[in-house]
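Descriptive analysis of the structure
Residues per chain, in single letters:
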Amino acid sequence: MRIKNYIGGKWIDSEQLQQVPIVNPANGTVLGEVPLSTKAEVEMAVSAAKEAQKKWALIPAPKRADYLYEIGYKLREKKEHLAQVLTSEMGKVIEEARGEVQEGIDMAFYMAGEGRRLFGETTPSELADKFAMSVRSPIGVVGLITPWNFPIAIATWKSFPAIVAGNTFVWKPSIETPLMAYELGKIFEEVGLPDGVANIVFGSGSTVGTAMIEHPDIKVISFTGSNATGSKVAELGGRHLKKVSLEMGGKNAVIVMDDANLSLAVDGIVWSAFGTAGQRCTACSRVIVHKDIKQELEEMLVEAISQLTVGDGLDPAIKVGPVINRKALEKINYYVQIGKQEGAKLLAGGKILSAPPFEKGFYFEPTIFTDVKNDMMIAQEEIFGPVISIIEVCSLEEAIEVNNSVKFGLSSSIFSQDINKIFKAQRDLDTGIVYVNAGTTGAEIHLPFGGTKGTGNGHRDSGQAALDVFTEWKSIYVDYSGKLQRAQIDTEN
Ligand SMILES: NC(=O)C1=CN([C@@H]2O[C@H](COP(=O)(O)OP(=O)(O)OC[C@H]3O[C@@H](n4cnc5c(N)ncnc54)[C@H](OP(=O)(O)O)[C@@H]3O)[C@@H](O)[C@H]2O)C=CC1
Ligand SMILES: O=C(O)CCC(=O)C(=O)O
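The rules we used
- Residues numbered from 1 in each chain as written.
- Chains lettered and ligands numbered in written order.
- Predicted model: local features only at pLDDT ≥ 70, side-chain atom pairs only at ≥ 80, totals over all residues.
- UniProt positions renumbered as here; feature names shortened; annotations may be inferred.
- Helix = DSSP H or I, 4+ residues; strand = E, 2+ residues; numbered from the N terminus.
- Rg over C-alpha atoms; globule rule 2.2 N^0.38 Å.
- Buried ≥ 20, exposed ≤ 12 C-beta atoms within 10 Å, placed from the backbone.
- Contact = placed C-beta atoms within 7 Å.
- Pairing = 2+ DSSP bridges.
- Right-handed = clockwise from strand over helix to strand, strands pointing away.
- Near = placed C-beta within 6 Å.
- Nonpolar A, V, L, I, M, F, W, Y, C, P; charged D, E, K, R; others polar.
- Domains from an automatic or database assignment.
- Expected span 1.5 Å × (residues − 1).
- Arc of directions from axis to C-beta.

An unreviewed UniProt entry lists the chain under the name aldehyde dehydrogenase (NAD(+)), from Ureibacillus massiliensis 4400831 = CIP 108448 = CCUG 49529. The Subunit (unreviewed entry) comment attached to the chain in UniProt states, word for word, "Homotetramer." Heading Sequence similarities (unreviewed entry) of the UniProt record for the chain holds this comment: "Belongs to the aldehyde dehydrogenase family."

Structure follows, in structure tokens:
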């Protein structure tokens with residue numbers, strides 16, 4: 001299958017002959033090819049989006065929302081098909097792929113509901129016979145740049161609030177996962193979303209992404225991806241005075257206190273560390289454990305991961321799928337070697353799986369390091385693979401300090417049965433998301449999603465907070481006194 005760009009409601013072959021294979025990370029099968037589109041194609045997409053936006057913004061929001069309901073029904077109708085494509089293209093196991101598609105469905109219905117809210121504010125004026133209110137206005141054409149690890153959910157987190165608010169968009173999906181973008185594009189077409197409201201340009205970040213950020217008619221860039229790329233996006237966006245929303249990496253920790261329910265904690269750690277083969281921005285990659293229960297927790301964790309089946313995620317018996325590509329596999333392996341050199345103790349895993357049946361895919365063993373010191377690289381940097389580092393602490397205060405000592409601030413979790421510890425932790429953990437007695441993953445679409453410190457730049461995806469990225473506030477004063485009234489004049493002197 002050869003992927004085309006979706007521009008102005010039409011599927012158009014890229015003028016670029018160079019194509020990149022789309023590879024199933026479970027077995028190396030080539031699923032199709034995707035073009036490395038050009039700057040000229042970004043130009044075409046922006047101009048289609050700009051033209052469409054004039055009419056789209058004038059359609060009443062509840063009617064715009066009707067398209068989102070239709071998109072939600074279509075996603076639901078195609079859920080199993082989409083999940084199968086998602087697993088084949090990205091590698092996550094099928095039950096997680098279904099869960100990801102469900103996030104898209106939930107986001108469609110949630111944002112469709114916003115079409116009847118999009119609340120502004122009314123407030124008294126300081127003058128007589130004057131009415132004051134603020135409303136959310138669409139911004140225009142927005143640019144969406146997304147990663148491969150949640151190829152459909154993250155696209156829906158961005159595109160659905162964008163369109164319900166009256167914007168049109170140009171979307172650059174990751175070159176690794178174009179099939180999911182193609183599937184979503186087909187749904188936009190099938191529900192009759194007006195031409196030019198949704199535009200998809202496939203290609204590299206350096207060409208297509210850069211062209212989008214530099215384009216004067218794209219007013220907002222909503223980006224999710226790594227910190228290295230996010231910094232470049234912010235820098236270039238800043239030069240062009242763009243509103244840039246960044247959702248980036250994490251180094252998320254589960255804290256296990258001495259009073260915790262340990263089997264619950266083990267479940268939470270295993271699910272959030274090894275689900276999606278550790279390739280979630282919210283994945284648990286550190287376990288901060290009280291010294292009194294460290295050994296027991298370690299034994300339980302080793303036993304639990306020995307039960308994890310690794311393989312092709314299309315097989316429902318498999319719990320851990322492949323990682324996205326060879327480069328990712330090598331990066332994970334690099335960190336594991338560093339961990340050993342730094343003196344951390346390998347408790348389980350630690351190797352690339354390359355013997356049959358794994359030889360054609362990209363598999364890494366679920367891996368546990370213990371006796372990790374907080375200043376080690378494996379305790380500080382995002383590995384983005386199935387690797388956890390156990391760090392021992394003596395108190396809640398120390399656990400919180402260790403949690404907060406990394407440059408990221410996305411998700412954190414505490415297992416404890418002591419309400420005082422729990423409330424102190426939720427106050428002091430410096431992350432955008434805090435879980436109590438649950439692992440670090442599993443965000444729900446109607447709450448803000450994002451993080452503090454190096455994880456972001458203050459914006460949020462999901463929930464009503466997403467509307468802040470895609471709308472501009474407009475304050476409106478209506479004077480019905482019939483005479484000239486002057487605000488900001490002090491009449492007493
Ligand atoms: N906080 C959050 O909400 C989330 C954060 N992430 C983070 O994403 C990362 C994994 O995703 P990954 O795809 O590898 O991230 P990357 O940063 O490599 O890529 C993200 C997107 O940016 C594009 N891109 C690359 N270079 C540029 C550029 N110079 N200008 C504009 N766009 C560019 C990529 O295109 P290309 O197709 O060329 O790769 C891709 O579409 C992890 O760090 C993870 O933590 C993931 C999910 C959620
Ligand atoms: O598991 C979650 O909370 C969401 C994770 C996510 O969206 C991501 O890692 O990209």
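1. Considering the overall build of the chain
Helix and strand counts for the chain come out as 15 helices and 23 strands. Relative to the 2.2 N^0.38 estimate, which gives 23 Å for 493 residues, the radius of gyration of the chain is 24 Å and therefore close to what a compact globule would have. Structurally, the chain occupies a C-alpha span of about 80 × 65 × 40 Å along its principal axes. The buried share among the 493 residues of the chain stands at 51%. Considering only contacts within the chain whose residues lie at least 6 apart along the sequence, 72% involve residues at least 24 apart.

2. Considerations on unusual backbone geometry
For the peptide bond that leads from Pro 356 to Pro 357, omega is 10°, which places it in the cis range. Counting through the fold element by element, Pro 357 comes out in the loop between β15 (352-353) and β16 (363-364). Despite not being glycine, Leu 118 has its phi angle at roughly 40°, a positive value. Along the chain, Leu 118 falls in the loop between α4 (94-114) and β5 (121-124). Look at Lys 453: it is not a glycine, yet its phi comes out positive at around 45°. Within the element layout of this structure, Lys 453 appears in strand β22 (residues 452-453).

3. As for the pairing of strand β11 (residues 243-247)
With four of its five residues buried, β11 lies for the most part within the structure. Bridge count between strand β10 (residues 218-224) and β11: five bridges; the pairing is parallel. Following the sheet pairing, Ile 221 is matched in β11 by Val 244. For the handedness criterion, the β-α-β arrangement of β10, helix α8 (residues 227-239) and β11 is classed as right-handed.

4. Some remarks on the site of ligand 2
Around ligand 2, a shell composed of Asn 149, Phe 150, Ile 154, Arg 280, Cys 281, Thr 282, Thr 441, Gly 442 and Ala 443 is seen. Its residues assigned to classes, the shell around ligand 2 shows four nonpolar, four polar and one charged. Two domains share the shell around ligand 2, each providing at least three of its residues, namely domain 1 (5-248 + 456-476) and domain 2 (252-436).

5. Regarding helix α1 (residues 39-56)
Spanning 18 residues, α1 covers 25 Å between terminal C-alpha atoms, matching the ideal 26 Å at 1.5 Å per step. Where α1 is concerned, the buried positions are Glu 41, Val 42, Ala 45, Val 46, Ala 48, Ala 49, Ala 52, Gln 53 and Trp 56. With its buried residues spanning 165° around the axis, α1 presents them on a single face. Away from its buried face, by an angle of more than 90 degrees, α1 presents the exposed residues Ala 40 and Lys 54. Buried residues along α1 sit in contact with β1 (5-7), β7 (141-145), β8 (168-172), β9 (198-200), α7 (205-214) and β10.

6. Here we look at the UniProt feature "active site" (unreviewed entry) in the chain
In this numbering, the UniProt entry assigns the feature "active site" (unreviewed entry) to Glu 247. With respect to the helices and strands, Glu 247 occurs in strand β11. Residue Glu 247 is classed as buried on the basis of its C-beta count, with 28 C-beta atoms lying within 10 Å. If we ignore the near neighbours within four places in the chain, the residues touching Glu 247 are Thr 224, Gly 450, Gly 456 and Asp 461.

7. Let's talk about the environment of Ser 411
Relative to the assigned elements, Ser 411 resides in strand β20 (residues 411-415). Judged by the 30 C-beta atoms lying within 10 Å of it, Ser 411 falls in the buried class. The spatial distance from the C-alpha of Ser 411 to the C-alpha of Lys 39 is 36 Å, given a sequence separation of 372 residues. The contacts of Ser 411, once residues within four sequence positions are left out, are Gly 250, Asn 252, Thr 282, Thr 431, Ile 433 and Thr 440.

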